[in-house]
Amino acid sequence: MIKNMDRGILFMLLSALISALNGAIAKILSQDFSALEIVFYRNLLGVAIVLYTLKHTPPILKGGKFHLLFLRGVFGASAMVLFFYTITVIPLGEAITLNKTSPFFVSILAFYLVNEHLSKKAMLALAIGFIGIVFITKPWGLSISYAHFLGVMGGFFAAAAYATIKKIKDIYDTRVIMLSFMGVGTLLPLILFIISIWVKNPPEFLEFLFTGISWHSEWYLWLLIGFMSIVSTASQYFLTKAYSLSKASIIGVISYTNIPFAIGFGYMLGDAFPDFWTFSGIGLIVLGGVLVSRAK
């Protein structure tokens, strides 16, 4: 019999591979769709898939703590919007690596919100991770690109979303947790599409949130959207199951395997191969993430 921990690791490996593939598809679609459109269509189809499974096999867990379920949706949807935007403007490997800064934010949030002790080892890990971010963003001119900053913010929101899973995993069906995430991920872009009708000249740093929505007649684009919805729904399912079956510290380490997957997919799509500083930054962020997990 496969132990729960082994199953959790397997689910995370599958989620990591599919997540990298999902990012590659999003990068292809970004040539015709805005990041917000990709998020909207991906989640709209994802909601349909999850609702079908819930109708076929109703959830048995009682539920409760709706505010946490809603917050999981808000945090997860925000992380997705920022993640897909960074994919469109920086190399795929870098975008996914910056999103993987979430374990550092988990530690920081735990320290400030629940007074969890930060050991010297944990503080060292945070410092190493921060240096890794510096190497990737290369702020040699004392400034970092806005896209890299949003990538780090995506990691923050992802950390907040993951933290809520542990709070509600025993009272909500995995599919219901996914539905909260995808439901908000559908409604948020829709609201922004409507607002964009009146917001004609948004500030430059907010332009990616007010792109409006357009129709595309090319059948292969919708085929890609459908495929991305299926694989990303599977990735979210495997991720949620992984965090439910194994310790978050172990799963967090395994999740870093999506970085080499993403670098490979990105290179095949035309991204420049990471330079010395980027590779060093990726290595430091992974090392910091491993140390954070072992410091808990």
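Nothing here was measured: the structure is a model prediction, and the numbers come from that model.

> So what's going on with the packing of aromatic side chains? Residues and values would help.
Tallied over the full model, the rule gives 19 aromatic pairs. Aromatic pair tyrosine 85 and phenylalanine 208: ring centres 4.4 Å apart, planes at 25 degrees, arrangement stacked. On the criterion of sequence distance, the pair formed by tyrosine 85 in helix α3 (residues 66-89) and phenylalanine 208 in the loop between α8 (174-196) and α9 (219-245) is long-range, its members being 123 residues apart. Three or more aromatic residues joined by ring pairs form one cluster here, namely Phe33, Phe40, Tyr41, Phe193, Trp215 and Trp222. Positioned above the aromatic ring of phenylalanine 181, the side-chain terminus of arginine 72 is 4.9 Å from the ring centre.

> Requested: an account of the side chain of histidine 216, with residues and values cited.
With respect to the helices, strands and loops of the structure, histidine 216 is situated in the loop between α8 and α9. Relative accessible area serves as the criterion here: at 12%, histidine 216 is assigned to the buried category. Polar side-chain contacts of histidine 216 include one of 3.3 Å to the backbone oxygen of aspartate 32. Once you skip the residues sitting within four places of it in the chain, histidine 216 turns out to touch Asp32, Phe33, Glu37, Leu221 and Trp222.

> An account of the nonpolar core is requested, with residue identities and associated values reported.
Formed by 78 residues in total, the largest nonpolar core has its most connected members in Leu29, Phe84 and Met228. At 10 residues, α3 tops the list of elements feeding residues into this core. Filtering out sequence-adjacent residues up to four positions away, leucine 29 remains in contact with Ile38, Leu221, Leu224, Ile225 and Met228.

The rules behind each value
- Residues numbered from 1 in each chain as written.
- Predicted model: local features only at pLDDT ≥ 70, side-chain atom pairs only at ≥ 80, totals over all residues.
- Heavy atoms only, no water.
- Phe/Tyr/Trp six-rings, centres within 6.5 Å; stacked < 30°, edge-to-face > 60°.
- Helix = DSSP H or I, 4+ residues; strand = E, 2+ residues; numbered from the N terminus.
- Lys NZ or Arg CZ within 6 Å of the ring centre and 35° of its normal.
- Buried < 20%, exposed > 50% of the residue type's maximum accessible area, 1.4 Å probe, protein only.
- Polar contact = N/O pair within 3.5 Å; in protein donor to acceptor, adjacent residues only side chain to side chain.
- Contact = heavy atoms within 4.5 Å.
- Core = buried A, V, L, I, M, F, W, Y, C linked by side-chain atoms within 4.5 Å.

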